[in-house]
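Structural overview
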Amino acid sequence: MKPAPFTYHRPAGLDEALDVLDQVGSDGKVLAGGQSLLPLLSMRLAAPAHLVDVNHLPGLDVVEVTADVVRCGALVRHTDLLRHPAAFDAQPLLRRALQHVAHPTIRNRGTTVGSICHADPAAEMPAVTLLLGGTLVVRSRRGERRIAAADLFAGPLETTLATDELAVAVEWPVTAPRESTAIVEVSRRHGDYAVCGVAAQVRVDEDGTVRAARAVYVSMGLTPPVLDLTGAVAGQHVERADWAGAAALATEQLEPEADIHASADYRRHLAGVLTRRAFEEAG
Ligand SMILES: Cc1cc2nc3c(=O)[nH]c(=O)nc-3n(C[C@H](O)[C@H](O)[C@H](O)COP(=O)(O)OP(=O)(O)OC[C@H]3O[C@@H](n4cnc5c(N)ncnc54)[C@H](O)[C@@H]3O)c2cc1C
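Analysis parameters
- Residues numbered from 1 in each chain as written.
- Predicted model: local features only at pLDDT ≥ 70, side-chain atom pairs only at ≥ 80, totals over all residues.
- Heavy atoms only, no water.
- Pairing = 2+ DSSP bridges.
- Helix = DSSP H or I, 4+ residues; strand = E, 2+ residues; numbered from the N terminus.
- Axes fitted to C-alpha atoms, helices over the stretch in contact; angles between N-to-C directions.
- Contact = heavy atoms within 4.5 Å.
- Near = heavy atom within 4 Å.
- Polar contact = N/O pair within 3.5 Å; in protein donor to acceptor, adjacent residues only side chain to side chain.
- Areas by Shrake-Rupley, 256 points an atom, 1.4 Å probe, with all protein chains shown as cover.
- Left-handed = near helix turned anticlockwise from the far one by under 90°.
- Nonpolar A, V, L, I, M, F, W, Y, C, P; charged D, E, K, R; others polar.
- Phe/Tyr/Trp six-rings, centres within 6.5 Å; stacked < 30°, edge-to-face > 60°.
- Buried < 20%, exposed > 50% of the residue type's maximum accessible area, 1.4 Å probe, protein only.
- Lys NZ or Arg CZ within 6 Å of the ring centre and 35° of its normal.
- Arc of directions from axis to C-beta.
- UniProt positions renumbered as here; feature names shortened; annotations may be inferred.

**Here's the deal with the sheet that holds strand E14 (residues 226–228)**
Here four strands make up an open sheet; going across it, the order is E11-E12-E13-E14 and the pairing antiparallel. Whereas interior strands pair on both sides, the edge strands pair on one side only; in this sheet they are strand E11 (179–187) and E14. Sheet twist, expressed as the mean angle between neighbouring strand axes with direction ignored, is 15°. Inspection of the sheet shows strand E13 (residues 210–218) paired to E14 by three bridges, in the antiparallel sense. Across the sheet, alanine 215 pairs through a bridge with leucine 227, a residue of E14. Sheet strands in contact with helix H10 (residues 243–253) are strand E12 (194–204), E13 and E14, and its direction is about 45° off that of E13. Contacts between helix H11 (residues 264–282) and the sheet are confined to E11, E12 and E13, with E12 contributing the most and set at about 35° to the helix.

**Some words on the site of the ligand**
If you check the shell around the ligand, you find 30 residues, and the closest are Val30, Gly33, Ser36, His78 and Thr111. One nitrogen or oxygen atom from the main chain of leucine 37 is found 2.7 Å from an oxygen atom belonging to the ligand. In this structure, an oxygen atom belonging to the ligand sits 2.7 Å away from a side-chain N or O atom of threonine 111. Notes on the ligand: free accessible area 970 Å², of which the protein chains cover 89%.

**Description of the packing of H10 against H11**
Closest axis-to-axis distance for the H10/H11 pair is 8 Å, and the angle between their directions is 145°. Viewed along their axes, H10 and H11 form a crossing whose handedness is right-handed. Within the contact between the two elements, H10 uses Trp243, Ala244, Ala246, Ala247, Ala250 and Thr251 and H11 uses Arg268, Ala271, Gly272, Thr275, Arg276, Phe279 and Glu280. In terms of residue class, the contact of H10 with H11 is built from seven nonpolar, three polar and three charged.

**Focus: the sheet that holds strand E7 (residues 143–148)**
Spatial strand order, E4-E5-E10-E6-E7: five strands in an open sheet with antiparallel pairing. Edge positions in the sheet fall to strand E4 (63–65) and E7, since each of these pairs with one other strand and no more. Going from strand to strand, the sheet's axes swing by 20° on average, the running direction of each strand aside. Pairing of strand E6 (residues 135–140) with strand E10 (residues 166–173), which is carried by five bridges, proceeds in the antiparallel orientation. Following the sheet pairing, valine 137 is matched in E10 by alanine 169. Seen against the sheet, helix H1 (residues 14–24) touches E6 and E10 and runs at an angle of roughly 115° to E10.

**Some remarks on the packing of aromatic side chains**
What describes a pair of aromatic rings is the distance from one ring centre to the other and the angle between the planes of the rings. With the rule as written, the count across this model stands at one aromatic pair. Geometrically, the ring pair formed by tryptophan 243 and phenylalanine 279 is stacked, given 4.8 Å between the ring centres and 5° between the ring planes. You can see tryptophan 243 sitting in helix H10 and its partner phenylalanine 279 sitting in helix H11, a full 36 residues away along the chain. Given a relative accessible area of 5%, tryptophan 243 falls into the buried group. The ring of phenylalanine 88 has arginine 95 lying over it, and the distance from NZ or CZ to the ring centre is 4.1 Å.

**So, the environment of aspartate 164**
One can find aspartate 164 in the loop between strand E9 (158–159) and E10. Sequence separation between aspartate 164 and glutamine 23 is 141 residues; the distance between their C-alpha atoms is 8.1 Å. The contacts of aspartate 164, once residues within four sequence positions are left out, are Leu21, Asp22, Arg139, Ser140 and Arg142. Reaching out from aspartate 164, the side chain makes a polar contact with the side chain of arginine 142 at a distance of 2.6 Å.

**Quick notes on H1**
Spacing of three or four residues puts side chains on the same side of an α-helix, whose turn is 3.6 residues. Among all positions of H1, only Ala17, Leu18, Val20, Leu21 and Val24 are buried. The buried side chains of H1 occupy one side of the element, clustering within an arc of 160° when seen end-on. Of the exposed residues in H1, the ones pointing more than 90 degrees away from its buried face are Asp15 and Gln23. Buried residues along H1 sit against strand E1 (7–9), strand E2 (28–31), strand E3 (50–53), E6 and E10.

**Quick look at the pairing of E2**
Looking along a regular strand, one sees side chains alternate from face to face of the sheet. Sheet topology places E2 next to E3; four bridges connect them, and they run parallel. Counted as the bridge partner of leucine 31 is aspartate 53 from E3.

**Some thoughts on the pairing of E7**
Strand direction decides the pairing type here: E6 and E7, joined by six bridges, are antiparallel. If you follow valine 138 over to E7, its bridge partner there is arginine 145. Taking the residues between adjacent antiparallel strands as the criterion, E6 and E7 are bridged by two residues.

**Observations regarding the UniProt feature "domain: FAD-binding PCMH-type" (unreviewed entry) in the protein chain**
Following the UniProt record, the feature "domain: FAD-binding PCMH-type" (unreviewed entry) maps to residues 1–177 here. Structurally, residues 1–177 comprises 32% helix and 25% strand, and the distance from its first C-alpha atom to its last is 51 Å.

Structure (structure tokens):
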């Protein structure tokens, strides 16, 4: 199918883009890499009257690493972040998660900020952003605001961004001392959306006992559920911790949906197996 007719806008600067977004309101959509939006338009699952192509805005294609955060501009493609050595050193979970995102051609074009704005509960980067406590930096003609990931995802393909707002960057905290992470998932073919995915984060004290253990899930709810599983393993040495107990605690709390790829029971079973693996790898 072909998209419904729309007016194409190609602003050359941020102020111009924000003016257009302000004028078109809920009739408009930001176009970044187009890897999610264009299929939706082609299938006529979305039919905005205005497309605001932000690909020509200067300064948004930069990854910056400071002592506190990895900041990724809105036009940074998945591939660029995946290959960024300083970002990997500062927060290795980003690259590990991006390796599971789609195929190289899609990663070459799709932006990481676009993936977060798209808010697909089957996508890795919204989930990882929640686990890490990331922040979306958003601009509109009203100014700048910062949205914590915990306040961003309202439902499947739904965020708390207003229609006149453009996300200009996302920031993730760098790895804390004595923190480790891992991500594991099962998909039908490599590069497909996961049937179930789990990213885990473990923090330990100086003597190696577990202080915190949290996990986030991909394809396991309307928004990615973040579970605090510390209760199952707190005070245990990280190398001998009861990760099976943490996995059991997780499966009690998860409420996955069934779809054409998997029943809810199968997803819950997978989540248990993958939770244990993710923590064993991270721990
Ligand atoms: C075949 C295929 C397989 C895929 N597999 C996976 C997968 O396994 N895992 C995964 O995570 N993803 C997967 N994807 C999705 C892909 O990673 C994302 O679609 C892509 O990264 C989204 O970024 P984009 O720049 O292409 O966004 P676009 O498609 O341009 O936009 C997506 C949405 O976000 C909004 N948006 C984008 N940028 C901004 C911004 N700066 N400010 C405000 N709103 C914005 C748009 O208006 C739109 O609503 C797959 C896609 C395809 C086509």
